[in-house]
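Structural overview for review
The lines below spell out each chain.
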Amino acid sequence: MMSFLKQVLSPKQWWQQLKKTTDSSAPIVWFFILNVILVWVKTYVNYLMNFNLGVVGPIQQFLLILNPIPTAIILLSLALYFRGALSYWLAIVMNLIQSMWLFANVLYYREFSDFLSIGIIGSGSSTGNNLGKSIVAIIHLSDYLIFLDIILLVLLLIFHQIKIDKKGIQKRYAVLTTLLGVVLMFVDYGIASVDRSGLLTRSFDNNYIVKYLGLNEYVVFNAVQTYNQSNSRKQAKPADLKKIQAFTAQNQTPANVQYYGTQKGKNVFVIHLESFQQFLIDYKVDGQEVTPNLNQFYHDQNTLSYDNFYNQVGQGKTSDAEMMQENSLYGLATGSAMVKYGTNNTFEAMPAVLAQQGYTSAAFHGDVGTFWNRNNTYKSFGYNYYFSKEFYPNAKKSSNNVGYGLKDKIFLKDSAQYIEQLPQPFYAKLITVTNHYPYELDKQNISFPATKTGDNTVDGYVQTAHYLDQAFGEFIDYMKKVGLYDNSVFVLYGDHYGISENHQPAIAQLLGKSSVNNYDLAQFQKVPFMIHATGLAGGVNHTYGGEIDMMPTLLDLLGVPTTGMTMFGHDLLSTADSQIVVFRDGDWVTPKYMKYRNQYFNTETGETLSLDQDPELKAAAKKAQDYADKSLSYSDKIITGDLLRFDTSRSNFHAVNKKEFDYQKSAALKILKRNQESNPSSVLAKNNGHSSTDDYTTDAPEYSNGNAK
Ligand code: GP9
Ligand code: MN
């Protein structure tokens, strides 16, 4: 073994053996190493040239260089277990397999900014990606270079320019080589987990898996996921759905006649306030309001504002919030439901439900389309349009971005050009992103004092929240100027906490307390929920609720019938609502009691309670816990079993046809243009084709210093 290692490590030996490989005799080891290098180099070069992996910092750079090697070693080492010509051909086949996978992904990525998945290969047409149709148009001559080395090696073998080494190597060296690949894979994974915790369990984005672990590891990851999903899907039966629908129907509450249908036919804006907590409302730093525009909106007489509204997300964070808001289904106990099930599942989501009422739907976000698998999930939800980063030319300049994407002021302003083209009525969801951990902002955009808790990741929070508030203020001004303010419903919500429970001393300081307990931490999970519409009877409402309740509340306001729909939330305006708020881990809050981190509290006073000494609490806790457990497990069953595909009971609902949607920029813009011509109800059409985007005023410095246009 030592002499083998010495040989491998000596450059002189290397050169001599490599020469042998190309001219006369070629011990299989050298042929193997040559192939590993070839696969490594071409994968890395293609990572750089053809994928947009968002590599930042030396650790990620290092992993990107390292990650093609382990699978190259493992797969090519198969050749070492054989002797003679077979081992050479096997090495070539292994090189070819990896090259074909690379080649296919280069092409797919060029068109869809995502990697091929088993689901897409298996059901390409159902996701509407029309694989194959456009391949000829997107192929570059240089893509074939991926196979150049293989062609050369094959020729050299056929014409006996490489002499076959008949001896082969001992089996144990072959095993050691395979093991070396496995060890390297774990080293890579270890470093990756330090840089990005929850990489595999939370599964944010396929780009992340490839960036950290590699293109081949991604196949394994994807295959395991697909296998688990198809298993639970296979076992599901229509009767499972019936049972769950009996539960949701029994818990459905009658709508409030005072509100039902009062907003019928209006446009709907859902504004997703990233990481925005309720405590920020009316919060002051050095006597200055952090969010004056949102505060004014909150207290407006036409705004229904909830002050006992909780986020209910799990690991899927933003994507869980979206799942609840669009479907009234919970996220999963681990990972993101949108990532795992968004592509293939059947949903009865807001965009699809509103499409039946004549609405056009569009989602807007300044991050790449693949994050949280939105590019696929939104098709399943029924979104006509998804304006992601590529639709925002200003996002090309890195200084116009912060953290996950385009800065909110630029994002909202640049969304106006698409909003004005949407046929009315429309359902538009705008997902902001600047107020995201670690709450950093460039100097020119900071116009608010940081808090002084001494916790670096906490102190910038009010600054990015202030920035988001300003961006919102500018957006609302524009709405007023173009007349959308009066014929639209504005739904605002915070998706989840911004300051995690790891920052308790800082949280205590922000709340003006000496320390915080579990009761305070539970209250800290509150996020804003506001519904504004001109003429709406508003006010601060103390009903207890959470993100799961947004959809039924909004549908009742819009007067959309919900009977038979499988929703786990309630209309918060209903007077019969039982007001049990369920957290993803099974804890819960009711107006009277709450359970948080295995402790019970009086919700109003914060007093700690003991189950054994309080029979009334005991009975209430049993009821709440039973409801929480059932809701979560039933919701999980709907998602993991894809049960809504069995929902044939609702004759007024047509299942989404994912093929109808195309989110590629050029195609989407064409469809947008065509649609607003066939239905000239957009702001632009009503304005005789004169764009209103000049009415959008912003103080974003990027426009005055020339970084944004
Ligand atoms: C990224 C953004 C952030 O696109 O939505 O997601 P989060 O980290 O908040 O879940
Ligand atoms: Mn979020």
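Basis of the calculations
- Residues numbered from 1 in each chain as written.
- Chains lettered and ligands numbered in written order.
- Predicted model: local features only at pLDDT ≥ 70, side-chain atom pairs only at ≥ 80, totals over all residues.
- Heavy atoms only, no water.
- UniProt positions renumbered as here; feature names shortened; annotations may be inferred.
- Near = heavy atom within 4 Å.
- Polar contact = N/O pair within 3.5 Å; in protein donor to acceptor, adjacent residues only side chain to side chain.
- Areas by Shrake-Rupley, 256 points an atom, 1.4 Å probe, with all protein chains shown as cover.
- Nonpolar A, V, L, I, M, F, W, Y, C, P; charged D, E, K, R; others polar.
- Domains from an automatic or database assignment.
- Contact = heavy atoms within 4.5 Å.
- Buried area = accessible area lost by both parts, 1.4 Å probe.
- Salt bridge = Lys/Arg side-chain N within 4 Å of Asp/Glu carboxyl O.
- Helix = DSSP H or I, 4+ residues; strand = E, 2+ residues; numbered from the N terminus.
- Axes fitted to C-alpha atoms, helices over the stretch in contact; angles between N-to-C directions.
- Parallel < 35°, antiparallel > 145°, perpendicular 65-115°, else oblique.

The name given to the chain in an unreviewed UniProt entry is Lipoteichoic acid synthase 1, with the source organism recorded as Convivina praedatoris. Of the comments in the UniProt record for the chain, the one headed Subcellular location (unreviewed entry) reads "Cell membrane". Here is the UniProt Sequence similarities (unreviewed entry) comment for the chain, exactly as written: "Belongs to the LTA synthase family."

Focus: the site of ligand 1
Taken together, E274, K317, T318, H365, D367, F371, W372, R374, Y404, H436 and H496 make up all the residues around ligand 1. Contact between ligand 1 and T318: an oxygen atom at 2.7 Å from a side-chain N or O atom of the residue. One nitrogen or oxygen atom from the side chain of H436 is found 2.7 Å from an oxygen atom belonging to ligand 1. Within the complex, 98% of the 300 Å² of free accessible area of ligand 1 lies under protein. Its residues placed into classes, the shell around ligand 1 shows three nonpolar, four polar and four charged.

Remarks on the domain arrangement of the chain
By a widespread convention, an interface's size corresponds to the accessible area lost as its parts come together. When the domains of the chain are assigned, the result is domain 1 (12–229) and domain 2 (238–702). Computed over C-alpha atoms only, the centres of domain 1 and domain 2 are separated by 41 Å. At the interface, 21 residues of domain 1 touch 24 residues of domain 2. Roughly 1,800 Å² of surface becomes buried between domain 1 and domain 2 when both sides are summed, with 43% attributable to carbon and sulfur atoms. Taken together, domain 1 and domain 2 are joined by zero salt bridges. Here domain 1 is connected to domain 2 by four residue pairs in polar contact (both at pLDDT 80 or more). Elements supplying a minimum of two residues to the side of domain 1 that touches domain 2: α6 (84–112), α11 (199–202), α12 (206–212) and α13 (215–235). Looking at the side of domain 1 that touches domain 2, its residues break down into three nonpolar, 13 polar and five charged.

Quick notes on the UniProt feature "domain: Sulfatase N-terminal" (unreviewed entry) in the chain
The UniProt record annotates "domain: Sulfatase N-terminal" (unreviewed entry) at residues 266–560. The span residues 266–560 carries 33% helix and 20% strand; its end-to-end C-alpha distance comes to 12 Å.

Section: the packing of α6 against α13
Two numbers describe how α6 lies on α13: the axes approach to 10 Å, and their chain directions differ by 85°. It follows that α6 is roughly perpendicular to α13 by the angle criterion. Residue-level contacts link Q98, W101, L102 and N105 of α6 to L215, N216, Y218 and V219 of α13. A breakdown of the residues in the contact of α6 with α13 according to their chemical character gives five nonpolar, three polar and no charged.

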